[in-house]
Amino acid sequence: MTDVIAALTAEAAEFDALFAELEAEKWALPTPAPGWTIAHQVGHLAFVFQIAGLAASDPDGFVAMTAGAAKDFDGAVNAALQAYVNDPPEALLNRWRAIRDTGIKALAAVPGDQLVPWLVNPLPPFVLACAGMMELFAHGQDIADALGVERTRTDRVQFLVGFAVRVWDFGYQARGLTPPDVEFRFELTGPSGAVWTFGPEDSGQRITGDAVDFCLLVTRRRHRDDLALRAIGEHADNWLDIAQAYRGPAGEGRKPGQFK
């Protein structure tokens, strides 16, 4: 838990650095997410960290606040954005920072063996922190793409990799499909060269390749054709087409060659 909180704190700071010095007018730049500007991306993360912090510090308050969100999470997200995107950039920046710090502090205070209420099922705080890493990675990538900047990657992505493996069936759920009754093997290489493995060594369904590319795939920020990932086995190959590390509709994703 200590390691993931440190990683979440560092990732949130790097997310912040993408837009902290932007001129006010650039907050209105469109990002690759249809209909979302940079301000929308920041507002979304503020909302996510707000409800995560509330879940950790006031479970009853979280349940009351999100009572309808589980049935229509996209609707809840879009409604919440209106409370953020109309703020002037400086106000939104300060608001995001305050919510970020409060949320991380609240999550860090939860005992590791205690479940935190969430939108579908209660989660261990470690898993919720990993979900926060996924959110920061995905929406930070949208902002970086809007600004045309390259992000520096570190082995902190291991927390997102592990989370995506844990929720490997989300892509099937989003499409009303039944997951195959098989276990996948994942062998992924982090920025440092470290290799992270999950699943049985003798599985005939195997995903191998670059861990950052894997994160770009499961957040649907790049098309599989543009990533250094390889599938062995029919089910593994199909999985690369539908993989996602978040609940709900998959969204449009990205087109092949869109960012070359």
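Structural data are supplied above this passage.
Sequence order sets the numbering: in each chain, residues are counted from 1 along the sequence as written. In view of the model being predicted, local features appear only for residues whose pLDDT reaches at least 70, and side-chain atom pairs are presented and counted only at 80 or more, with totals across whole chains, interfaces and linings using the full set of residues. The side-chain numbers reported here are obtained from all heavy atoms of the structure, hydrogens and water having been left aside.

Sorry if this is basic, but what is going on with the layout of surface pockets here?
Any empty space left between atoms is shown by rolling a water-sized probe over those atoms. Of the grid points, spaced at 1 Å and generated over the protein atoms alone, those admitting a 1.4 Å probe that cannot get out make up cavities, while open sets with protein on both sides within 12 Å along at least five of seven lines make up pockets; any residue with an atom within 4 Å of a point is treated as lining. Grid points are joined across faces, edges and corners, and a volume is the space filled by probe spheres set on the points. The computed volume of the second largest pocket comes to approximately 270 Å³. Lining the second largest pocket we find Gln-141, Ala-144, Asp-145, Gly-148, Val-149, Glu-150, Arg-151, Arg-153, Val-212, Leu-216, Arg-222 and Phe-259. Ranked by residue count, the leading element in the lining of the second largest pocket is helix α6 (residues 125-147), at three residues. Lys, Arg, Asp and Glu make up the charged group, whereas Ala, Val, Leu, Ile, Met, Phe, Trp, Tyr, Cys and Pro make up the nonpolar group; the residues left over, Gly among them, are polar. Grouping the amino acids of the lining of the second largest pocket by side-chain chemistry returns five nonpolar, two polar and five charged. Helix and strand definitions follow DSSP, with helices as H or I runs of at least four residues and strands as E runs of at least two, each counted in order from the N terminus.

Sorry, what's going on with the packing of helix α2 (residues 38-57) against α6 here?
When two helices pack together, their arrangement is given by the angle between their axes and by how far apart the axes lie. Only C-alpha atoms enter the line fits that serve as axes; for helices the fit covers just the stretch in contact. Angles between N-to-C directions range over 0 to 180 degrees. Where α2 meets α6, the closest approach of the two axes is 10 Å, and the angle between their N-to-C directions is 170 degrees. Taken together, the axis directions place α2 and α6 in an arrangement best described as roughly antiparallel. On α6, the residues touching Ile-38, Gln-41, Val-42, His-44, Leu-45, Val-48, Phe-49 and Ala-52 of α2 are Leu-128, Glu-135, Leu-136, His-139, Asp-142, Ile-143, Ala-146 and Leu-147. A class-by-class count of the residues in the contact of α2 with α6 yields 11 nonpolar, three polar and two charged. Each angle gets one of four labels, with under 35 degrees taken as roughly parallel, over 145 as roughly antiparallel, 65 to 115 as roughly perpendicular, and the rest as oblique. Contacts are residue-level and defined by heavy atoms, with any inter-residue pair within 4.5 Å sufficient.

Just checking my understanding: could you explain the pairing of strand β1 (residues 185-189) for this structure?
As a general feature of sheets, a regular strand has side chains that alternate between the two faces. The pairing of β1 with strand β3 (residues 206-210) spans five bridges and is parallel. Directly across from Leu-188, in β3, lies its bridge partner Gly-209. Only when DSSP finds a minimum of two bridges between them are two strands counted as paired. Inspection of the sheet shows β1 paired to strand β2 (residues 195-198) by four bridges, in the antiparallel sense. Paired with Glu-187 across the two strands is Thr-197, which belongs to β2. Taking the residues between adjacent antiparallel strands as the criterion, β1 and β2 are bridged by five residues, where Gly-193 takes a positive phi near 100 degrees.

I tried to follow the packing of aromatic side chains on my own but got confused; where do I start?
Aromatic rings in a pair are described by how distant their centres are and how their planes are angled relative to each other. Ring pairs are drawn from Phe, Tyr and Trp, using the six-membered ring of Trp, whenever the two centres fall within 6.5 Å, and their geometry is named by plane angle: stacked under 30 degrees, edge-to-face over 60, tilted for the rest. With the rule as written, the count across this model stands at 13 aromatic pairs. Note on Phe-49 and Trp-96: the rings are 5.4 Å apart at their centroids and 85 degrees apart in plane angle, and the pair reads as edge-to-face. Placement of the pair is Phe-49 in helix α2 and Trp-96 in helix α5 (residues 89-108), with a sequence separation of 47 residues. As far as the burial class goes, Phe-49 and Trp-96 line up, both buried. Considering the side-chain rings of Phe-186 and Phe-214, the 5.8 Å spacing of their centres and the 75 degrees angle between planes classify their relative orientation as edge-to-face. Of this pair, Phe-186 sits in strand β1 while Phe-214 sits in helix α9 (residues 211-218), and the two are 28 residues apart along the sequence. With respect to burial, Phe-186 and Phe-214 carry one shared label: buried. One aromatic cluster in this structure is built from Trp-168, Tyr-172, Phe-184, Phe-186, Phe-214 and Trp-239. When the ring centre of Phe-259 is taken as reference, the NZ or CZ atom of Arg-222 above it lies at 3.9 Å. Classification of residues uses two cut-offs on accessible area relative to the type maximum, computed with a 1.4 Å probe and protein chains only: under 20% is buried, over 50% is exposed, and between them is partly exposed. In this scheme, the term charge over a ring applies when either NZ of a lysine or CZ of an arginine sits within 6 Å of the ring centre and within 35 degrees of the ring normal.

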